[in-house]
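# Report on the structure
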Amino acid sequence: MKQLDCILRLSNKFARLPGVGAKTAQRYAYSVIDMTPEEVEEFCAALRDVKTQVRYCDECGNFTDKETCEICARREKNVICVVAYPKDVLALERVSGYKGVYHVLHGTLSPLEGRGPDSLRIKELLARLNGVEEVILATSTDVEGEATAMYLARLLKPMGVKVSRIAQGISMGSELEYADEITLLKALEARTEL
Ligand SMILES: [Zn+2]
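Residues numbered from 1 in each chain as written. Predicted model: local features only at pLDDT ≥ 70, side-chain atom pairs only at ≥ 80, totals over all residues. Heavy atoms only, no water.

Moving on: the overall build of the protein chain. Secondary structure summary: the protein chain contains 8 helices and 7 strands in total. With the C-alpha coordinates of the protein chain rotated into their principal frame, the extents come out at 65 × 35 × 35 Å. Sequence-distant contacts in the protein chain: of pairs separated by 6 or more residues, those separated by 24 or more amount to 54%. Here the protein chain displays about 12,000 Å² of accessible surface, and carbon together with sulfur accounts for 55% of that area. Across the protein chain, the centroid of the 26 positively charged side chains sits 3 Å from that of the 29 negatively charged ones. (Helix = DSSP H or I, 4+ residues; strand = E, 2+ residues; numbered from the N terminus. Contact = heavy atoms within 4.5 Å. Areas by Shrake-Rupley, 256 points an atom, 1.4 Å probe, with all protein chains shown as cover. Lys, Arg positive; Asp, Glu negative; His and termini not counted. Charge placed at Lys NZ, Arg CZ, Asp CG, Glu CD.)

Now for the coordination of the zinc ion. The reference angle at a metal is 109.5 degrees if four donors form a tetrahedron and 90 or 180 degrees if six donors form an octahedron. Taken together, the protein ligands of the zinc ion are Cys-57 (SG), Cys-60 (SG), Cys-69 (SG) and Cys-72 (SG), with distances of 2.3 Å. Note that the zinc ion binds 4 donor atoms; their angles at the metal cover 105 to 116°, and the shape is tetrahedral. Donor residues for the zinc ion sit on one chain with the sequence pattern C-x2-C-x8-C-x2-C. Taken as a pair, Cys-60 in the loop between strand E1 (55–56) and strand E2 (63–64) and Cys-72 in helix H4 (residues 70–74) lie far apart in primary sequence, 12 residues in all. Each member of the pair Cys-60 and Cys-72 is classed as buried. (Donors = N, O, S within 2.8 Å, 3.2 Å for Na, K, Ca; no water. Tetrahedral: all angles 85-135°; square planar, octahedral: opposite > 155°, others 65-115°. Buried < 20%, exposed > 50% of the residue type's maximum accessible area, 1.4 Å probe, protein only.)

On the surface, a cluster of negative charge is contributed by Glu-38, Glu-39, Glu-41 and Glu-42. Mapped onto the secondary structure, Glu-42 falls in helix H3 (residues 37–53). (Patch = residues over 30% accessible without salt bridge, like charges linked within 9 Å, V, L, I, M, F, W, Y side chains within 5 Å. Salt bridge = Lys/Arg side-chain N within 4 Å of Asp/Glu carboxyl O.)

Let's shift gears to the sheet that holds strand E6 (residues 162–165). The mixed open sheet is built from 5 strands, whose spatial order is E4-E3-E5-E6-E7. Since the sheet does not close on itself, it has two edges, and those belong to strand E4 (101–104) and strand E7 (192–193), each with one partner. (Pairing = 2+ DSSP bridges.)

Here we take up unusual backbone geometry. For His-106, which is not glycine, the phi dihedral falls at a positive 65°. Here His-106 shows up in the loop between E4 and helix H6 (122–126). Given the relative accessible area of 22%, His-106 is considered partly exposed.

Right, let's get into the domain arrangement of the protein chain. In terms of domains, the protein chain is made up of domain 1 (5–53) and domain 2 (59–193). Here the C-alpha centre of domain 2 lies 34 Å away from the C-alpha centre of domain 1. (Domains from an automatic or database assignment.)

Axis separation between helix H1 (residues 5–15) and helix H2 (residues 22–33) bottoms out at 8 Å; the angle between their running directions is 125°. With respect to H2, the axis of H1 lies oblique. In this structure, the crossing between H1 and H2 has a hand that is right-handed. Of H2, the residues touching H1 (which contributes Ile-7, Leu-10, Ser-11, Phe-14 and Ala-15) are Ala-25, Gln-26, Tyr-28, Ala-29, Tyr-30, Val-32 and Ile-33. (Axes fitted to C-alpha atoms, helices over the stretch in contact; angles between N-to-C directions. Parallel < 35°, antiparallel > 145°, perpendicular 65-115°, else oblique. Left-handed = near helix turned anticlockwise from the far one by under 90°.)

Here it is as structure tokens:
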């Protein structure tokens, strides 16, 4: 039997989500059919709200629903921790103890994929350095993360700001978001000045 068009359409939408294969997408679509009309409405509203309400913080580039995110609004701004993606802020925030603010680059340098310095929020970082004592480079420890950190270090050091890199020897893998809290805390504490 041929799949109904509207079920197929919904399955295809779910299949676009990361980590969702065709079979899982179909199961999700069927589970929507089992929902009450109210549940479906809430589901739709949640999708719409996340798209219309979430924006980037004017200062750090993290996700927020205001002009300035809660972290920028409350924290001391003498230390900036530079990360590649908003999800990295969440990972580092799980680690208690960091009191500074963040700067989200929204990517890493990748000459192979055509991502140069202009595609990252580097200008915005340079504009925030007034009164900053230390910039911690917390991009991932894979090749692109390293290249990004080295590029930024070369750019920032002549400007008279202390630049440090999260600890290398620790096997935190390439993805900050999957590192456990203790590993992240150690990587942050054992950072070295560049
Ligand atoms: Zn912010």
